[in-house]
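Architecture and fold: a report
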Amino acid sequence: MHNIAILGFGTVGSGLGEALLTDRERLARHLGDGLDIKYILDLREFPGHPLGDRVVHDFNIILNDPEIELVAEMMGGSHPAYDFSLAALKAGKHVVTSNKEVVANFGAELLETARQNGVRYLFEASVGGGIPVLRPIINEAVLHEVRSVRGILNGTTNYILTQMRIHGTPFADALSAAQSMGYAEANPTADVDGLDAARKIVILAALAFGVIVKPDDIPVKGIRDVRPEDLQAAGACGGTLKLIGSASRECGGLLISVRPCFVRHDRLLAHVDDVFNAVSVDTGVLGEVVYYGAGAGKLPTAAAVEADITDILSGSVQSQEALTWKAGSRDDLCDASLVSYSWFISGGTDSRITEPMTEEAVKKLCAAGQNYYPCL
Ligand code: HSE
């Protein structure tokens, strides 16, 4: 019997419990042995829940139980999620997580600790919800030079922008709907102001380029200033506006950012709507590959965690040997103000696409009340 523990029984943790119960027989066939959720760590009780008798309130019970092979950290937030993950890895237990905040801020250390202790630290669910996107990028980066990774990485803001564009839904109403569907973070400002996407793009950049920088060190702009009229004007100019996380090599460093961008209708990303996410990876040999699927939500995210668990317990993880992240700093980043793009200027009938220029130059071109967005 494989014994595991779930830390945190909120949206994703309870989704994982549900998925593992539903798939119990299939998993046992695949693993050649049963899988039992021996403990669930949470501050709350869950009377009447089929797993309610597994609830404990002291992490040390899990840490000190030699039968626990794997810990699924679904707590969210940095602490104590990071501390518990580190302790579990040091105790020789595998850790899987959906917690992008911990992976983005402590991933280099946790991967190294896993390696030193002969266990795995996997986090497929931390980016793109249910989309299996991290493993293909790891495998691709081993073979080929990755030129860029770009994507729609936050389901909540993509849902809001879609509702604003198609139905003219006010921002606050669209955000409430995203919250009620379990897409938004506990504090939805992390979604709306781009921090959630920033955590995800630094993880993707680390997979592609081997250096992980802090989300706080990259330029980040959310969707608060996007107006319904900007979305309309973008449509008239042959595109739409999407919150894009982007990482590429430019001017001798890494250019990593999150900001709303103009995406032409002939790009696949322009057609990724609602809670869906998509990640576009460009390698010299393969060209552009786009991964698409549900970017948030209880069961899609739980399914990605479940995939990590089964890969580890069946011994089929190979990709992690390639995962060595250097902890980076601002010195690894290139100065975004030096880079030229074409820009979409939103200004009613005066809306237009510019020639490539720097942000400082486009700012000077814009009249009061005009918004500008880089073109993807
Ligand atoms: N709040 C996140 C989103 C959840 O909306 O994409 C998935 O990471």
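All values derive from a computational prediction rather than experimental measurement. (Residues numbered from 1 in each chain as written. Predicted model: local features only at pLDDT ≥ 70, side-chain atom pairs only at ≥ 80, totals over all residues. Heavy atoms only, no water.)

Time to look at the pairing of strand β2 (residues 35-41). Among the 7 residues in β2, 5 count as buried, and that is most of the element. As defined by bridge partners, strand β1 (residues 2-7) adjoins β2 across 6 bridges and the pair is classed as parallel. Note on β2: the bridge partner recorded for N3 is D36. Strand direction decides the pairing type here: β2 and strand β3 (residues 55-56), joined by 2 bridges, are parallel. Among the inter-strand pairings, L41 is bridged to a residue of β3, identified as V56. (Buried < 20%, exposed > 50% of the residue type's maximum accessible area, 1.4 Å probe, protein only. Helix = DSSP H or I, 4+ residues; strand = E, 2+ residues; numbered from the N terminus. Pairing = 2+ DSSP bridges.)

Our focus in this paragraph is the site of the ligand. As a matter of local geometry, the ligand sits amid K100, N154, G155, T156, Y183, A184, E185, D191, D196, K200, G295 and A296. K100 is positioned with one of its side-chain polar atoms (N or O) 2.6 Å from an oxygen atom of the ligand. Within the backbone of G155, one N or O atom sits 2.7 Å away from an oxygen atom of the ligand. Summarising the interface, the protein chains cover 92% of the accessible area of the ligand, which totals 260 Å² for the free molecule. For the shell around the ligand, the elements supplying multiple residues, two or more each, are α7 (155-167) and α10 (195-209). Class assignment for the residues of the shell around the ligand results in 3 nonpolar, 4 polar and 5 charged. (Near = heavy atom within 4 Å. Polar contact = N/O pair within 3.5 Å; in protein donor to acceptor, adjacent residues only side chain to side chain. Areas by Shrake-Rupley, 256 points an atom, 1.4 Å probe, with all protein chains shown as cover. Nonpolar A, V, L, I, M, F, W, Y, C, P; charged D, E, K, R; others polar.)

Let's shift gears to the sheet that holds strand β11 (residues 276-283). Within the open sheet, the 5 strands sit side by side as β10-β9-β7-β11-β12. Their pairing is antiparallel. Edge positions in the open sheet fall to β10 (253-264) and β12 (287-294), since each of these has one partner strand only. Each adjacent strand pair in this sheet contributes to an overall mean axis angle of 20°, direction not counted. Two strands pair when backbone bridges link them, and strand β7 (residues 146-152) and strand β9 (residues 239-250) are joined in this way by 4 bridges, in the antiparallel orientation. Directly across from V149, in β9, lies its bridge partner A247. Set on the sheet, α7 makes contact with β7, β9 and β11; between it and β9 the angle comes to about 145°. Sheet strands in contact with α10 are β7, β9, β10 and β11, and its direction is about 40° off that of β9. (Axes fitted to C-alpha atoms, helices over the stretch in contact; angles between N-to-C directions. Contact = heavy atoms within 4.5 Å.)

Packed helices, taken two at a time, are described by their axes: the angle between them and the distance between them. At a closest axis distance of 10 Å, the pairing of helix α2 (residues 24-31) and helix α12 (residues 298-313) adopts a crossing angle of 30°. Looking at the two axes, α2 sits roughly parallel to α12. Crossing angle aside, the handedness with which α2 passes α12 is right-handed. Between α2 and α12, the residues in contact are L27, H30 and L31 and E306, T310 and L313, respectively. Along the lines of polarity and charge, the residues of the contact of α2 with α12 split into 3 nonpolar, 2 polar and 1 charged. (Parallel < 35°, antiparallel > 145°, perpendicular 65-115°, else oblique. Left-handed = near helix turned anticlockwise from the far one by under 90°.)

Quick look at the pattern of salt bridges now. Counted according to the given criterion, the structure contains 28 salt bridges. Where D65 meets K38, a salt bridge forms, and the shortest distance between an N and an O atom there is 2.7 Å. Of this pair, D65 sits in the loop between α3 (59-63) and β4 (68-73) while K38 is found in strand β2, placing the two residues 27 residues apart along the sequence. Residue K38 is classed as partly exposed on the basis of its relative accessible area, which comes to 23%. (Salt bridge = Lys/Arg side-chain N within 4 Å of Asp/Glu carboxyl O.)

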